[in-house]
Amino acid sequence: MTQKLVVGNWKLNGGLAANEAFFGAAGALAGVDAAVCVPFPYLAQAAARLRGLALGAQTVSEFQSGAYTGEVSAEMLADLGCRYVIVGHSERRALFGEDDAVVGRKAAAALRVGLTPIVCVGESLAEREAGRALEVAGRQLDAVLAVIGAQALARVVIAYEPVWAIGTGRAAGVDEAQAVHADIRGWLVGQGAAAVRVLYGGSVKADNAATLFAAPDIDGGLIGGASLAARDFMAICQAAASVA
Ligand code: 13P
């Protein structure tokens, strides 16, 4: 089995001084792959200071260059040393109007320059309560597949992030999460991409990480709040290493 992958998503947090403290205390651990996705202005600082952690961004333009004020291209992210970029995070979908088609094109833009897109999928509370969790993830994945094609699928990471678990302190139960992950794995197998890593995200903390990561189809985590302090983030990386 490939080792677990733990990715921090700092969202709209950080500052030069606070970041220094993080980079001074965080570092590579044997037995786990780890990365942090920092805000654009801090990519260069992170690239210079990261010790053994991979670098990622939190979104990317679907466009390559030109008159797109405010956008940041995949080429620029690659230039700055990124390996990963998150696409389709539920906050981008809900707050910035990114639909399935945009998410697909952003994933394709990342893949074109050799970045690994971390494609986020997941249902809202209303969708879960209506019994539609699997259907929603399936629709979101099919939309990305339609743009990138089955061959490229092997080069993505998927993150299942139920919206109701994000920032709420209410992580999905391990069985609840595993059920969706198993469904996503089945979909991947059907596309000939069984080895794609499927991360869980939503209120992962040091004290629930090992339980979640021990599930057969949970290949690591996408961590929001608990990725801001090196101590918490490294504890989660340690949990991943311990179950790998
Ligand atoms: P929290 O870990 O803060 O719930 O955020 C999860 C998330 O959205 C990671 O992308």
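Residues numbered from 1 in each chain as written. Predicted model: local features only at pLDDT ≥ 70, side-chain atom pairs only at ≥ 80, totals over all residues. Heavy atoms only, no water.

A. Representation of unusual backbone geometry in the model. Here K11, not a glycine, exhibits a phi torsion of approximately 55°, which is positive. Of note, K11 is situated in the loop between β1 (4–9) and α1 (16–25). Judged by its relative accessible area of 22%, K11 is partly exposed. Look at S203: it is not a glycine, yet its phi comes out positive at around 60°. With respect to the helices, strands and loops of the structure, S203 is situated in the loop between β7 (198–201) and α10 (209–213). Judged by relative accessible area, S203 falls into the buried class, the value being 9%. (Helix = DSSP H or I, 4+ residues; strand = E, 2+ residues; numbered from the N terminus. Buried < 20%, exposed > 50% of the residue type's maximum accessible area, 1.4 Å probe, protein only.)

B. Quick peek at empty space enclosed by the protein. Applying the stated rule across the entire model yields one cavity of 30 Å³ or more. Of the voids in this model, the largest cavity is the one considered here, and its volume is about 30 Å³. Forming the boundary of the largest cavity are E62, F63, Q64, A74, E75, A109 and R112. Of the residues belonging to the lining of the largest cavity, the class tally is three nonpolar, one polar and three charged. (1 Å grid on protein atoms, 1.4 Å probe; cavity = no way out; pocket = protein on both sides within 12 Å on 5 of 7 lines; lining within 4 Å. Points joined across faces, edges and corners; volume = space filled by probe spheres on them. Nonpolar A, V, L, I, M, F, W, Y, C, P; charged D, E, K, R; others polar.)

C. Quick look at the pattern of salt bridges. A complete count under the given rule lists 13 salt bridges for this structure. A salt bridge links E20 to R49, with the shortest nitrogen-to-oxygen separation between them at 2.7 Å. Of the two residues, E20 is situated in helix α1 and R49 in helix α2 (residues 43–49); the sequence distance between them amounts to 29 residues. Linking E135 and R132 is a salt bridge whose minimum nitrogen-to-oxygen distance equals 3.0 Å. Residue R132 is classed as partly exposed on the basis of its relative accessible area, which comes to 29%. Salt bridges here are not isolated pairs; linked through shared partners, they connect R92, E98 and K106. (Salt bridge = Lys/Arg side-chain N within 4 Å of Asp/Glu carboxyl O.)

D. Just the nonpolar core, in detail. Of all hydrophobic cores here, the largest spans 68 residues; its most connected members are I158 and F233. No other element matches the seven residues that helix α11 (residues 230–243) contributes to this core. Among the nonpolar cores identified, the runner-up in size contains 13 residues, and C37, Y84, I118 and A159 belong to it. (Core = buried A, V, L, I, M, F, W, Y, C linked by side-chain atoms within 4.5 Å.)

E. Focus on the sheet that holds strand β8 (residues 220–223). With respect to topology, eight strands assemble into a closed barrel ordered β1-β2-β3-β4-β5-β6-β7-β8, the strand pairing being parallel. When the angles between neighbouring strand axes are averaged without regard to direction, this sheet yields 25°. The strands that α11 touches are β1, β2 (32–37) and β8; relative to β1, the one it contacts most, it runs at about 165°. (Pairing = 2+ DSSP bridges. Axes fitted to C-alpha atoms, helices over the stretch in contact; angles between N-to-C directions. Contact = heavy atoms within 4.5 Å.)

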